[in-house]
There are 2 protein chains.
Amino acid sequence: MTLDERKLRILSAIIDDYIETAAPVGSRTITRRHNIGVSPATIRNEMSDLTELGYLDQPHVSAGRVPSSKAYRLYVDRLLSAWSDSELPVDPSVNEYFDEKALQMEDIVKTAVQAVSSLTRLTAVAVLPGQPEMRIATLQLVPMPNGSALLVIVTDSGIVRDTVIHVSRRLDMDGLYAISRTLTENMAGHTLMEVQAMLDAYAARSSADQRVLMGVRDLAAQMARQASEDSVAVEGAHNILSYPEFSDLDKARTFLSTLEAPDRLISLMRDNDQPVSVRIGTELGIPDMADCSVVNAGFSYGGCCGTLGVIGPMRMPYGQVMRTLYTISQRMTNLFAEVR
Amino acid sequence: MTLDERKLRILSAIIDDYIETAAPVGSRTITRRHNIGVSPATIRNEMSDLTELGYLDQPHVSAGRVPSSKAYRLYVDRLLSAWSDSELPVDPSVNEYFDEKALQMEDIVKTAVQAVSSLTRLTAVAVLPGQPEMRIATLQLVPMPNGSALLVIVTDSGIVRDTVIHVSRRLDMDGLYAISRTLTENMAGHTLMEVQAMLDAYAARSSADQRVLMGVRDLAAQMARQASEDSVAVEGAHNILSYPEFSDLDKARTFLSTLEAPDRLISLMRDNDQPVSVRIGTELGIPDMADCSVVNAGFSYGGCCGTLGVIGPMRMPYGQVMRTLYTISQRMTNLFAEVR
DNA sequence: TGTTAGCACTCGACGTTGATGAGTGCTAAC
DNA sequence: GTTAGCACTCATCAACGTCGAGTGCTAACA
C-alpha cells in the first residue's frame, strides 16, 4: 500500500510538529496547526493507518503519535528527491565563518567543524581518511633559541607538521639550511615510508649529524603513523545536553563516550557517494546510537575524500542540517583546491 | 572556641566519608567506620557543636551532616601546614604521561592538562598569561607545493606559529631562504610589535616581494594578538557528569558553559604565590560556581608564570588533587627550562 | 463511500496518603 | 563527661485516586 497525498501531508505535519516540540502529536493539534481540511476524527483514521504501516509509533494508547525511523527515512528521501530535481539549496549564513585568508588544511577543517556545530546546534564531526601514500614536498630545519632545532615537514597535500629535535650545537641557520636543502633534494617526492628507509641507509654511511637524521626519521615515522590513521575533529559535543532526548544523564554519557572513541566515530561517519547522506536510528548499526541520526557530506582534498557530518537525536531538522552540511562541504572542497 | 583534638578527628572523619560517598554522614556511620572510641551519642553531641560552629550543615533534621565550606577550608589548611613542615609529597604515577621527547611548549601544556584530567578524573585547566614582550628568534619561509609558502616564526620563548602566505611564483627554496635570512637578521631580538612597525617601514622602500612582507607582518600581528591574550587549555570537561553533584542537568550545563567562557575561566584560575592554592565554594567569587572548588599550582616558563588547575565539585579529594597538581607543575617548570 | 460527531475507554502525569527507616536531640542514669 | 533510651523529624517510596489528553469505535450524515 502506497501513501496517498493526504496521508503524506498528515505524516509530514506530524514530523514537522514533532521536530519542533519533541512531544507526541495528537489529531487535534494537527487540525489546529496545519490546514489539512478535515476533522480530527478523519486524521485519527489516517493516523491509525500510518501506525499500521509502521510510519508512526504510539508511546502509549492515550498519547499522540511519534514518527518512526521509517517516517524520517521517507521524509528525508522526499527532501533529497525534491532537491535532485533542481539546484541544491545553499545556506548563505555559512559565509561569516570563512574569511579570505589562505588557510592550512587543518585550519580549514577546524573552521568547518566549528561552523557546522554552531549553525546546527548539534555535534559536528569531520573525518579525514588516512593517506599513507602522502609524499614529502619540503623538509626544513629552523633554529630554536636553546640550540635545538625545529624540524618542519610539508607534504604534497599541504599538511604541515613540526617537532623539536636535538642537534649539534655548532649548527647555525646556514648550517641547518644546508642540511634542509640536501634532505629536501633527496627526499622530495618520496613517501613517508620510503623516507624512513632512506634515512636509515643514509645515516649509516654519512657523516652528517646523526641526531638530525634520526630526528627527521622519527618525525617522518610519526607523520606516517598519523597519516595512515584516519583523523577526527569533533566540535559542540555538549550541545546535545540541551535536547530533551538526552535529559537522561546515562544516555548523555553514553553519547559523549561514543564521541570520545575515534573508532566508533569513524565508523559512524562512513560516507557513501551521494552529496549528502543521512542515516537514521538503527541504520547506523550501533545499538547505543539507535535513537540518533547522522547526516554527512563528503568533501575532497587532494585525491582523497573526507567526511563532514553531524550527530544528533533522530528528531533533528534534517532539511536545514543537510543544507548547511552541503554548503560547507562544497566550500571546503573549493578551499582545498586552492591550497594545493 | 577552638576545636579540640576529638572534634578535629570527628570532623576529619566526616569529611573523608563524605568525599568518598557523597551522602550525608550520620553518627553511627562514624563509629562503625572510624575508631574514635566513643559511642554514637557522644559523636552526636560533638556534631551538634560542630554544626553550631559552622563546620557542618544539616540538609534536614533527620539526615546526617555534610561538611560546610568552612570545614573544607580547615581541612585543606591542615593538609597544607602538615606539608610545609616536610617535603611536599609527589605523585609517582605522573611519570607515565611524560616521556623523554623534546617537546614544544604547547605540547607540554597539552600533555600536562591531559595528565591532570585523567589522574584526577576532574576537569583540568591550564592558563598561560599573555607575553606581549615576546621576541622573535627566527623567521623562516618554507616552500609549499602550490607555489605559496609556509611562514614559520619561532620566538625566544620557544613558541612556534606558522601560516600559509602567498608569494610570487618565481621564488624557490633558495630564494625563500635568502629572504628568511635577511628577515631573521633584521628582526631577531625585536618584539612582535616592533616587527610590525619595521615591516611597514621596510616595505615602503624595499623592492622585496610585498606579499611576503605583508604576510610576515600579518602573522606577527596575529601572534602579537594571541600572545598578549591569556591562553587557555581545558581537558576532561565532561568528567563532571559522573559526579552526583551534577546529576541536575541544569547545573551540569551551567558548569560546562562556564568552561567555554575563557574570561571566566581565567579569572577562576588566578594564581597566588603559594606552590598550591585552593579556593573553595564562595571563595571563588562566582555565584554559579558556589558549590565548586578550584585547586591550582603555578609553573614558570621564561620569566612568566602560568597556572595549572582543576575545577570540580566542592567534594573532591583535595589531598590527592593537590599532590598531583604540584608534581605536574614542577615537572612542567623543569621541561620549560630545557626548552629555552 | 468517505467524513464526522459523540462517547466510552486508556493511561501517563501529578498530587495525596501512609508506612518505613535513618538519624537526631533530649533526658536521665552511670 | 559519657552513654542508653526514646520520642520525634523528615526524606523516600509505594499505593491510590483524580485529571485530562488522546484514542478507537460506532452510528449518522453527505
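The coordinates are above.
Just so it is clear, the model here is predicted, and its values are computed rather than measured.

A. Up close: the protein's contact with DNA strand C. Looking at DNA strand C, there are 21 residues lining it, with Arg6(A), Thr42(A), Val61(A), Ser62(A) and Ser27(B) nearest. The protein-proximal atoms of DNA strand C, defined as those within 4 Å of the protein, are 78% sugar or phosphate. With respect to DNA strand C, the side chain of Ser27(B) contributes an N or O atom lying 2.7 Å from a phosphate oxygen. Gln58(B) is positioned such that a nitrogen or oxygen atom in its side chain is 3.4 Å from a sugar or linking oxygen of DNA strand C. If you tally residues by element for the surface near DNA strand C, the top one is helix α3 (residues 40–52) of chain A, at 4 residues. When grouped by side-chain class, the residues that make up the surface near DNA strand C number 6 nonpolar, 11 polar and 4 charged.

B. Highlighting the protein's contact with DNA strand D. Around DNA strand D, the structure places 20 residues, and the nearest of them are Ser27(A), Arg6(B), Thr42(B), His60(B) and Ser62(B). Of all atoms in DNA strand D that approach within 4 Å of the protein, 80% are sugar or phosphate atoms. Gln58(A) is positioned such that a nitrogen or oxygen atom in its side chain is 3.4 Å from a sugar or linking oxygen of DNA strand D. Separating a base oxygen of DNA strand D from a side-chain N or O atom of Arg44(B) is a distance of 3.4 Å. Considering every element that reaches the surface near DNA strand D, the biggest residue donor is helix α3 (residues 40–52) of chain B, with 4 residues. Partitioning the surface near DNA strand D into residue classes produces 6 nonpolar, 10 polar and 4 charged.

C. Structural view of the environment of Met187(B). Residue and element names in this part refer to chain B. Following the sequence through the fold, methionine 187 ends up in helix α6 (residues 173–187). For methionine 187, a relative accessible area of 2% translates into the label buried. For methionine 187 and methionine 47, which are 140 residues apart along the polypeptide, the C-alpha to C-alpha distance reads 68 Å. Dropping the residues within four chain positions of it, methionine 187 is found in contact with Ile136, Leu139, Val195, Met198 and Leu199.

D. Examining the environment of Ala71(A) more closely. All names here are of chain A. Along the polypeptide, alanine 71 turns up in helix α4 (residues 69–85). Along the chain, alanine 71 and leucine 50 lie 21 residues apart, while their C-alpha atoms are 9.3 Å from each other. If we skip the residues at most four places from it in the chain, alanine 71 touches Leu11, Ile15 and Tyr55.

E. Region of the structure containing the pattern of salt bridges. A complete count under the given rule lists 29 salt bridges over all chains for this structure. A salt bridge links Arg217(A) to Asp200(A), with the shortest nitrogen-to-oxygen separation between them at 2.8 Å. Residue Arg217(A) is found in helix α8 (residues 210–228), and its partner Asp200(A) is found in helix α7 (residues 192–205); the two are separated by 17 residues along the sequence. Under the relative-accessibility criterion, Arg217(A) is labelled partly exposed at 24%. Among the ionic pairs, Lys7(B) bridges to Asp49(B), the shortest N-O distance being 3.3 Å. Pair noted here: Lys7(B) is in helix α1 (residues 5–21) and Asp49(B) is in helix α3, with a separation of 42 residues, a long-range link. Lys7(B) sits in the buried class, given a relative accessible area of 4%.

Procedures and definitions
Residues numbered from 1 in each chain as written. Chains lettered and ligands numbered in written order. Predicted model: local features only at pLDDT ≥ 70, side-chain atom pairs only at ≥ 80, totals over all residues. Heavy atoms only, no water. Near = heavy atom within 4 Å. Polar contact = N/O pair within 3.5 Å; in protein donor to acceptor, adjacent residues only side chain to side chain. Helix = DSSP H or I, 4+ residues; strand = E, 2+ residues; numbered from the N terminus. Nonpolar A, V, L, I, M, F, W, Y, C, P; charged D, E, K, R; others polar. Buried < 20%, exposed > 50% of the residue type's maximum accessible area, 1.4 Å probe, protein only. Contact = heavy atoms within 4.5 Å. Salt bridge = Lys/Arg side-chain N within 4 Å of Asp/Glu carboxyl O.

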